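Per-entry structural report
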Amino acid sequence: MQIDLNADLGEGFGPWSMGDDAQMLTLVTSASIACGGHAGDPETMYRTLMQAKQNGVSVGAHPGYADRAGFGRRVIPMSPDEIGRMCAAQVGALMGIAALVGVPVTYVKPHGALGNLAARDRKVADAIVAAVRRIDPKLAILAISGTQSEEAARAAAAPVFSEIFADRGYLASGQLVPRDQDGAMIHDATEAAERLMSFLQTGLMPVVDGDPIQLAAHSICVHGDSPGAVDMTRAISDHLTSQGVAIRPFIAP
């Protein structure tokens, strides 16, 4: 059994840092890097890409709403076509910096409110997938498992991989518990690691409002901006490895 461990990184801006990217990049196998929307700038992208290269970590683009004050966690009213163009601009920005570093961008994972909207709104999911396909049909979509994003990528014959979240609660619908509700975040590393191991053995994910649901996953995400992210990522990696699970990227760097 094997699984990828990914984190959303490069989410600082200018002199302001967010999380401990350097340490996270010694633990994860894939990094979804902010590309100028909710966070990130050319120097932050460059630094994060260099650290990913040095650690042999696969790289993906992490586009989000242009809402730095809200960290991309608020929906901005936009048409699906506008969302597609916004994502294209951000993915292109990261690919440009990545070309300077000499690393390939292999996948796209929408951030925050944008990712949650695409998970439930097929038109938004279709627009993001179509934009990514026009940029480079080899780019994969990393989609929240069991959502419209996953279905849209499959319908477009795009490479698609599914992810689950180590530190987020789930609803019976397969959506994540909104961050302003009880059960949204899992802070205990042992609890998160044990839940993930149980999921990998059964395919069933506990939810806050019903019976466990069936999901599939190629990757596990730990949010790099969360307090204690490094300790949680290390605990999850150690626990899964001790149970015979190989931690490997879903796309080789």
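Quick summary incoming for the structure in this document. As the structure is a computational prediction, the values presented were derived from the model and not from experiment. (Residues numbered from 1 in each chain as written. Predicted model: local features only at pLDDT ≥ 70, side-chain atom pairs only at ≥ 80, totals over all residues. Heavy atoms only, no water.)

Attention shifts here to the side chain of Gln90. Along the polypeptide, Gln90 turns up in helix α3 (residues 80-101). A distance of 2.8 Å separates the side chain of Gln90 from the backbone oxygen of Gly64, its partner in a polar contact. Gln90 has contacts with Cys35, Gly36, Gly37, His62, Pro63 and Gly64, leaving out every residue within four places of it along the chain. (Helix = DSSP H or I, 4+ residues; strand = E, 2+ residues; numbered from the N terminus. Polar contact = N/O pair within 3.5 Å; in protein donor to acceptor, adjacent residues only side chain to side chain. Contact = heavy atoms within 4.5 Å.)

In this structure, Leu49, Ile83, Leu94 and Ile128 are the most contacted members of the largest nonpolar core, which totals 45 residues. Beyond its immediate chain neighbours, meaning those up to four positions away, Leu49 contacts Ile33, Val59, Leu94, Ile97, Ala98, Val101 and Val103. If you look at the next biggest cluster of nonpolar residues, it comprises 27 residues, including Ala119, Ala166, Tyr170 and Leu176. (Core = buried A, V, L, I, M, F, W, Y, C linked by side-chain atoms within 4.5 Å. Buried < 20%, exposed > 50% of the residue type's maximum accessible area, 1.4 Å probe, protein only.)

Regarding helix α6 (residues 148-155), the residues found buried are Ser149, Glu150, Ala152 and Ala153. The buried residues of α6 occupy one face: seen down the axis, they fall within an arc of 165 degrees. Against the buried residues of α6 lie α4 (112-120), α5 (122-135), β5 (140-144) and β6 (160-165). (Arc of directions from axis to C-beta.)

Here helix α8 (residues 229-242) contains 14 residues, and its C-alpha end-to-end distance of 20 Å stays within 8% of the 20 Å for a straight helix at 1.5 Å per residue. The set of residues buried in α8 consists of Ala229, Val230, Met232, Thr233, Ile236, Ser237 and Leu240. Viewed along the axis of α8, the buried residues span an arc of 165 degrees, placing them on a single side of the element. Among the exposed residues of α8, those oriented more than 90 degrees off its buried face are Asp231 and Ser242. Where α8 is buried, its residues meet β1 (2-9), α1 (21-24), α7 (189-202), β9 (219-223) and β10 (246-247). (Expected span 1.5 Å × (residues − 1).)

Once that is clear, we can look at the packing of aromatic side chains. Across all of its chains, the model carries two aromatic pairs by this definition. Taken together, a centroid distance of 4.8 Å and an interplanar angle of 45 degrees make the contact between Phe161 and Phe250 tilted. Here the residue Phe161 occupies a position in strand β6, and Phe250 occupies one in the segment after β10, the gap between them amounting to 89 residues. Note on accessibility: Phe161 and Phe250 belong to one class, buried. Through successive ring pairs, a cluster of aromatic residues spans Tyr107, Phe161 and Phe250. (Phe/Tyr/Trp six-rings, centres within 6.5 Å; stacked < 30°, edge-to-face > 60°.)

This next bit is on the pairing of strand β2 (residues 30-34). Within β2, five of the five residues are buried, which leaves the element mostly enclosed by the surrounding structure. Burial of β2 is two-sided: the residues Ser30, Ser32 and Ala34 facing one way and the residues Ala31 and Ile33 facing the other way are all buried. Sheet topology note: the β1/β2 ladder contains four bridges and is parallel. Counterpart to Asn6 in the pairing with β2 is Ser30. Direction of pairing for β2 relative to strand β3 (residues 58-62): parallel, over a ladder of five bridges. Bridging from a neighbouring strand, Ser32 pairs with Gly60 of β3. Once the chain exits β2 it traverses helix α2 (residues 42-54) before rejoining the sheet at β3, and the crossover so formed is right-handed. (Pairing = 2+ DSSP bridges. Right-handed = clockwise from strand over helix to strand, strands pointing away.)

With that settled, the discussion passes to the pattern of salt bridges. For the coordinates displayed, the defined rule picks out eight salt bridges. A salt bridge links Arg154 to Glu150; the nearest nitrogen and oxygen atoms lie 3.6 Å apart. A residue pair is termed a helical-turn pair when its members lie 3 or 4 positions apart in one helix, as Arg154 and Glu150 do in helix α6 at four residues. Owing to a relative accessible area of 5%, Glu150 belongs among the buried residues under this scheme. The network of salt bridges with common partners includes Asp8, Lys109 and Glu163. (Salt bridge = Lys/Arg side-chain N within 4 Å of Asp/Glu carboxyl O.)

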